[in-house]
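Structural description and commentary
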Amino acid sequence: MAPEEAEKYIQIVKEQQQRGFQKLKGSEELGGEGARLSYKVDPYALKSGDYVVHKKVGIGRFVAIKHDVPKGSTEPIEYVFIEYADGMAKLSAKQASRMLYRYNPPNEDKRPKTLSKLSDPNSWERRKTRGKVAIQKMVVDLMELYLHRLKQRRLPYPKPPEMVEFASQFPYQPTPDQKQAFADVEKDLTERESPMDRLICGDVGFGKTEVALRAIFCVVSAGKQAMVLAPTIVLAKQHFEVISERFSKYSHIKVGLLSRFQSKAEKEELLWLIKNGELDIIVGTHSLLGSRVAYNNLGLLVVDEEQRFGVKQKEKIASLKSSIDVLTLSATPIPRTLYLALTGFRDASLITTPPPERVPIKTELSAFSKAKVLSAIKFELDRGGKVFYVLPRIKGLEEIMDFLQQSFPSVEIAIAHGKQYSKQLEETMERFAVGEIRILICTNIVESGLDIQNANTIIIQDVQQFGLAQLYQLRGRVGRADKEAFAYLFYPLKSLLTNQALDRLAALEECHELGQGFQLSERDMGIRGFGNIFGEQQTGDVGNVGIDLFFEMLFESLSKVEDHRLVSIPYQNVQIDIDINPHLSSEYINYLENPMETINEAEKAAEEDIWNLMQFTENLRQQYGKEPHSMEILLKKLYVKRMAADLGISRISVSGKVVSMETSITRNAFKLMRDSIASDSWRHSIAFENSEIKAELLLELPREQLLNWIFQCLAELHSSLPALIKC
């Protein structure tokens, strides 16, 4: 990417990121250029034994807050006492509020492996540096993905003249948040030239589907196809029915449902209709992402509850995002999605205002009790309602069925799970929806999106086996009317639960207000850790500093993204002032089939990029074996020149014991590169002065050894490239 183009896109990212900051806290005071988010902990909120992170010292254990008299004063002040591996530290409460973070590690065990030492601050600095470099690599990955999407182009959609009429069919008064979401999506589609990638985050029943319907109408009115992707066939069928009813007045717009429950002939017909553009809106599960589904003119993908899809499906969804508009609906977004939205790399519209008639769900968390189960069901049946009874697996459904049939012999009870035949499952759900079935015993197939009127009690057994997002979704199956709804969450004995399971349940109990799915997902980050968010590879380095300090470092890195740019230079522009010209032996020349051609190929590979040069070297060794010393020197010169070009180094010169490398990189970019170097000796041997990377050797080296030293030095610097934005 040209520097001018890179500058433009980085500016766009910065503006986007500022909007992300504002959304994170929902306040206007963060709007300034220097806005910084703080994850520091209030020392008065700490309990004895809590692990904390001091920004300069490291990980310790909070002991207490006590009064003490500082030196040179007679007035006592409050001090925070923190235990470290080699002693106790105290700092004033005021200082503690500026320097302390809560330690939340990226795993179930909330204990750090070791406490930091007061006598060894360098060890903590090294841990922090590793975390910072890991963060910077993630930021660069995000930047490259985001910039790739920004560079894609499509014509803005025209505003459909019938949109006002279509919107008027919505039977409810939109909430302020809904209106904003409508406006955000309309702007994405009708004013922007880059494809939309927007997350609509709203609690269950808060009107996310209506936002999707209006986006679909805009796209299909322009002659494009829309795909609606749901995680289960039950939810897909419900989406199909809602969309079919809403578009019934527009006979020219055709809606189809593709599912595994259809016969082969039905599927083949649908695939033909999709391919030939005879279907405008296609609803289904992950089968829509299969290789057999060929779209005629796909313009929009609507993904409902992305966290329910597998890795392969998510990768397919991600591959579509660069070329078509994508709208993701979620009540508890997957943490990575949440993270992207918060930092502004992805647009997000939050619908946190409940519809006027909605009442919060009353949640009760307790050990399993048959008496409590029967009491809860009896209360709901007596007021004419319906009950969900959810278990984590199919095994056990029949046992609960027998128990409830004995207790309520005159009540219609049924079982639903994903392994049932299609017709049976559809019929069961239909009968439950219309009220013929009063108690539905099921697995989490009912987790997403189902809208069953007058179902106002849900009982979830063995809650410890569900994820936090799953529990939140399941609880959202009830409480969609003006009646008070109840969610009973039962676990076995608490002594059998892990700390992670206990934290998950506590979080769910805390988030009982309407519209708290977004906060819940942020809490889920702290509980589940980094493995699921950023990939296992970076978990160790990032987890070393704790989640709260990690987030602050992340936002700091994002706010300084333009400081970490590296402008490479053309290979031909690199000048190496070292007089070394190796001569290949006549024996090796005779051994090579065409020596001049081989050397020219090596030069061409070096001109391309480092990977081509490595591939050339590998092929050479496979064909002729390990190269002799003279050929190794020749190749090293090519590697030095190639790596220098990648690092923006235009000239390498030597004067006595001093090696100088003229470069266009900034001091901040150099510091990040140096911090990325694993070896202490290499890290301490180089410095940055007046646009030059300099190193003073212990003694003057012969030319071949000097070339070898420069090669190793550049290789160390080159390994830091993943943490820099290349342009």
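For the structure, check the block above.
The paragraphs below set out a description of the structure included in this document. Note that the structure is a prediction, hence the values are computed from the model and not measured.

Describing the packing of aromatic side chains
This model, assessed by the stated rule, comprises 16 aromatic pairs. Ring centres of Phe170 and Tyr172 lie 5.6 Å apart, and the angle between their planes is 75 degrees; this geometry places the pair in the edge-to-face category. The exposed category is assigned to Tyr172, whose relative accessible area is 54%. With centroids separated by 6.1 Å and ring planes inclined at 90 degrees, the aromatic side chains of Tyr639 and Phe711 adopt a geometry described as edge-to-face. Of this pair, Tyr639 sits in helix H23 (residues 629-646) while Phe711 is found in helix H26 (residues 703-718), placing the two residues 72 residues apart along the sequence. For Tyr639, a relative accessible area of 14% corresponds to the buried category. Taking the relative accessible area as the measure of exposure, Phe711 reaches 21% and is therefore partly exposed. Taken together, Phe166, Phe217, Phe247 and Tyr250 form an aromatic cluster joined through their ring pairs. One cation-aromatic arrangement involves Lys641 over Tyr571; the distance from NZ or CZ to the ring centre is 4.7 Å.

Re helix H8 (residues 264-275)
With 12 residues, H8 should reach 16 Å at 1.5 Å per residue; the first-to-last C-alpha distance of 16 Å fits that figure. Within the sequence span of H8, burial applies to Leu270, Leu271 and Ile274. The buried residues of H8 occupy an angular sector of 100 degrees when the element is viewed end-on, so they sit on one face. Structural note: H8 exposes Ala265, Glu269 and Trp272 on the side pointing more than 90 degrees away from its buried face. The elements touched by buried residues of H8 are strand E7 (225-229), strand E8 (255-258) and strand E9 (281-284). Gly277 occupies a position one or two residues after H8 and carries a positive phi of about 75 degrees.

Concerning the environment of Phe217
Mapped onto the secondary structure, Phe217 falls in helix H6 (residues 208-221). Classification of Phe217 by relative accessible area gives buried; the value is 1%. Contacts of Phe217, omitting those with residues within four sequence positions, involve Pro160, Glu162, Met163, Phe166, Phe247, Tyr250 and Ile253.

Examining the nonpolar core
Ile216, Phe247, Leu327 and Phe388 are the most contacted members of the largest nonpolar core, which has 66 residues in total. At 9 residues, the largest contribution of residues to this core is made by H6. Excluding residues that lie within four positions of it along the chain, Leu327 makes contacts with Val185, Met196, Arg198, Ile200, Val211, Ala212, Ala215, Leu300, Leu301, Val302 and Val303. Formed by 51 residues, the second largest nonpolar core is a distinct cluster that contains Tyr571, Met643, Ile652 and Ile665.

Conventions used here
- Residues numbered from 1 in each chain as written.
- Predicted model: local features only at pLDDT ≥ 70, side-chain atom pairs only at ≥ 80, totals over all residues.
- Heavy atoms only, no water.
- Phe/Tyr/Trp six-rings, centres within 6.5 Å; stacked < 30°, edge-to-face > 60°.
- Buried < 20%, exposed > 50% of the residue type's maximum accessible area, 1.4 Å probe, protein only.
- Helix = DSSP H or I, 4+ residues; strand = E, 2+ residues; numbered from the N terminus.
- Lys NZ or Arg CZ within 6 Å of the ring centre and 35° of its normal.
- Expected span 1.5 Å × (residues − 1).
- Arc of directions from axis to C-beta.
- Contact = heavy atoms within 4.5 Å.
- Core = buried A, V, L, I, M, F, W, Y, C linked by side-chain atoms within 4.5 Å.

All quantities given are derived from atomic positions and should not be read as evidence of function.
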